[in-house]
Amino acid sequence: MATCALSGVLPEEPVVSVKTGHVFEKRLILRHIEATHQCPITREPLSVDDLITIKTTSPFVRPRPPTAASFPALLQMLQAEWDASVLEAFNLKRNADLLRQELAHALYQVDAANRVIARLIKERDDAQAALGQVDATVRQAVSAVSAASASAAPAAMTDDASAAAVSLPATVAAAVTARAGELTASRRAQVKAATAATAANLAALASLPAAPARAVAAHATTVPGVTALAQLSGAVAATGATPLLATGGADGAVALFDSAAGALVAVAEKVHAYPVAALAAWADAADGPLVAVSGASDGSAALVTAPVLSSAAASGLAVTPLVGHAGAVAAVDVHPTGRLVATGGADKTWRLWDASTGAAAGVFSHADMGAVSALCFHPDGLMVVAGDATGRLLLVELLSRAVACVMHDHTAAVTAVACSPNGYIMASGDAVGRVCVWDLRSQTCVQRLEPAAGVPVRGVRFDGASGTALVVATGSGFVVYKAKDWSVVKSALPVDAESAELASACIAAAFGPKLGSVVTAGAGKDRTLRVFTPSA
């Protein structure tokens, strides 16, 4: 009979595996299957059902080995077993020592790795601290340059208490004061004259189609995308004397766009090294000068001018850098006289500049003011409205720099602000999609609008003639509201996923010179200027 494949001796209860054919002692193989469920020889899966008992004709009695036939032989067997046990114990101890050495080596490697990580973290922290010191040094240097450039003009004020002690240069202040009365009288006359066209304007806006009449790719094709759009302020806004709008691109350029012809008229290349973040433009007449101001996230600002608006294509656009901000420039505007431009930035200041020379005319901040994120001049030119990242709106008297009032209603950063041509109503939008309509006579919020809840408002603009319509760019489209009752005249928000993707970066909207037309700009999938004109 075959011996057991496990013990090497004749089995008392032999069984055979039907899978491998090996013979085993039944008690041994059952114990092994219970522990591993495998054949001990081939490592194949094995179960009790795979074993067949081998029948024998008579019980098998294991013979006594000859070496156990006497006491000396038994003693010798016991001595051999003792020696084997000692050798096995020695091997186990040696293996334990090897394992202890390997564990110690692994722990040493872990400790060394922890020391290296700690050293790298310390070097990173030291580098960040050094970078912070360099950044502080640069900011101090920029502040020193700004202070030096402003020393020839009014000194920069640092709080509300010093605001009244600082004044504009005499010539600029005289021009602002002289024009204030003229602007007030002409503004009222323009609003009154435009009232007759109110119904036609609203009807034309209501008939705007869902699709634009034309979509024009603007700026460099290597860096496509329109990042800023400015409706021309000044007398041309009320008369519609020109179809031109100002645009800023992801390529850092500033351009004039003809909304009637759907083409760029003039381009100032590489005004900024980064995409244009804010843009405003002004012109009093088609045969008069153009004044535009732009800002970017790298802290740069620029004055862009042309001697005659209508001939800007031939003369080109002149660029004058405005150096002073120590943070991103997110808000700009042009004074109604065209003599001043304003910029506001993340350094919590707003600044005035002489539009004819680009010289600094003042650096101003106010107590508890956050980063300036929106700016606009009042139509009379005697006040400035500044919105900040805390959601506050400050109404500041231009000549005295005194804060006339602080208006609170927004719960997030103010992203856009605009005054109606009538001078009594103002609209502001914030980063959570709310638009507040303010009565400047009582400094109260008289209406709250949510064109697209949760979607940041990217721009607000009243129509330049009568102020009877307000367009809001939401980042996902635009909505036109009727003044006074603030009902929706036209909604061009996306209705499906595809159109939402196309308009997902609607960064600005403006009324076109043609009655009832709207122009939008974006850096979404189409990256175009989109001109919406009324249906025939």
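These lines cover the structure that appears in this document, whether it is placed above or below. All of these numbers come straight from a predicted model, not from anything done at the bench.

1. Description of the overall build of the protein chain
Of the regular secondary structure elements, the protein chain holds seven helices and 31 strands. Evaluated residue by residue, the protein chain yields a buried proportion of 45% over its 536 residues. The contacts of the protein chain with a sequence gap of at least 6 include a subset with a gap of at least 24, amounting to 48%. Carbon together with sulfur atoms contributes 59% to the accessible area of the protein chain, which is approximately 25,700 Å² in total.

2. Examining the sheet that holds strand 19 (residues 392-397)
An order of 17-18-19-20 is seen for the four strands of this open sheet, with the pairing classed as antiparallel. Two strands in the sheet have a free side with no partner beyond their single neighbour: strand 17 (372-377) and strand 20 (403-408). Between one strand and the next, the sheet's axes are offset by a mean angle of 20°, whatever the strand orientation. With five bridges joining them, strand 17 and strand 18 (residues 383-388) adopt antiparallel strand pairing.

3. Structural notes on a nonpolar patch on the surface
A contiguous nonpolar surface patch, about 300 Å² in accessible area, is contributed by F71, L74 and M77. In this fold, M77 is placed in helix 2 (residues 71-150).

4. Considering the pattern of salt bridges
Tallying each qualifying case throughout the model produces eleven salt bridges. In this structure, E123 and R119 form a salt bridge, with 3.4 Å as the shortest nitrogen-oxygen distance. One end of the pair is E123 and the other is R119, both in helix 2 and four residues apart, which spans about a single turn. Judged by relative accessible area, R119 falls into the partly exposed class, the value being 43%. Between R124 and D125 there is a salt bridge, with the nearest N and O atoms lying 3.0 Å from each other. A single salt-bridge network, built from bridges that share partners, covers D409, R434 and R448.

5. A few points about the environment of V323
With respect to the helices and strands, V323 occurs in the loop between strand 12 (318-322) and strand 13 (329-334). On the basis of relative accessibility, which here comes to 58%, the residue V323 falls in the exposed class. Sequence separation between V323 and G299 is 24 residues, and the spatial gap between their C-alpha atoms is 8.4 Å.

6. A short note on the nonpolar core
L256, L279, A281, L290, L309 and L317 are the most contacted members of the largest nonpolar core, which has 22 residues in total. Every element with two or more residues in this core is listed here: strand 5 (226-231), strand 6 (244-249), strand 7 (254-258), strand 8 (263-268), strand 9 (276-283), strand 10 (290-296) and strand 11 (301-306). Looking at this core element by element, the count peaks at four residues for strand 9. Grouped together as the second largest cluster of nonpolar side chains are 18 residues, V172, A331, M369 and L394 included.

7. Digging into the sheet that holds strand 2 (residues 23-25)
The three strands lie next to each other as 2-1-3, forming an open sheet whose pairing is antiparallel. Both outer strands of the open sheet, strand 2 and strand 3 (51-53), are each paired with one neighbouring strand and no more. Here the average twist between neighbouring strands, direction ignored, is 40°. Note: strand 1 (residues 14-17) against strand 3, three bridges, orientation antiparallel. By the bridge assignment for strand 3, V15 is matched with T53. Across the sheet, helix 1 (residues 26-36) is in contact with strand 1, strand 2 and strand 3; its angle to strand 2 comes to roughly 90°.

8. What to know about the pairing of strand 27 (residues 478-482)
Within strand 27, four of the five residues are buried, which leaves the element mostly enclosed by the surrounding structure. In this structure, strand 26 (residues 469-473) lies alongside strand 27, joined through five bridges in antiparallel fashion. In the strand pairing of strand 27, V471 is matched with V480. Both strand 27 and strand 28 (residues 488-492) contribute to a ladder of four bridges, which runs antiparallel. Residue pairing in the sheet places F478 in a bridge with A492 of strand 28. In sequence, strand 27 turns back onto strand 28 through a hairpin of five residues, with K484 there showing a positive phi of about 80°.

9. Some remarks on the side chain of T349
Following the sequence through the fold, T349 ends up in the loop between strand 14 (340-345) and strand 15 (350-354). A residue is classified by how much of its surface remains accessible, and T349, at 12% relative accessible area, is buried. A polar contact of 2.9 Å, which involves the side chain of T349, links it to the side chain of D347. Beyond its immediate chain neighbours, meaning those up to four positions away, T349 contacts H325, T343, G344, V363, F364, S365 and V372.

10. Observations regarding the packing of aromatic side chains
The geometry of two aromatic rings is summed up by the distance between their centres and the angle between their planes. Applying the stated criterion to the full structure yields one aromatic pair. When the ring of W350 is compared with that of F364, the centres are 5.0 Å apart and the planes differ by 40°; the resulting orientation is tilted. One end of the pair, W350, is in strand 15; the other, F364, is in strand 16 (residues 360-364), and 14 residues separate them in sequence. Accessibility assignment for this pair places W350 and F364 in one class, buried.

What counts and how
Residues numbered from 1 in each chain as written. Predicted model: local features only at pLDDT ≥ 70, side-chain atom pairs only at ≥ 80, totals over all residues. Heavy atoms only, no water. Helix = DSSP H or I, 4+ residues; strand = E, 2+ residues; numbered from the N terminus. Buried < 20%, exposed > 50% of the residue type's maximum accessible area, 1.4 Å probe, protein only. Contact = heavy atoms within 4.5 Å. Areas by Shrake-Rupley, 256 points an atom, 1.4 Å probe, with all protein chains shown as cover. Pairing = 2+ DSSP bridges. Axes fitted to C-alpha atoms, helices over the stretch in contact; angles between N-to-C directions. Patch = residues over 30% accessible without salt bridge, like charges linked within 9 Å, V, L, I, M, F, W, Y side chains within 5 Å. Salt bridge = Lys/Arg side-chain N within 4 Å of Asp/Glu carboxyl O. Core = buried A, V, L, I, M, F, W, Y, C linked by side-chain atoms within 4.5 Å. Polar contact = N/O pair within 3.5 Å; in protein donor to acceptor, adjacent residues only side chain to side chain. Phe/Tyr/Trp six-rings, centres within 6.5 Å; stacked < 30°, edge-to-face > 60°.

Structural measurements only, silent on function.
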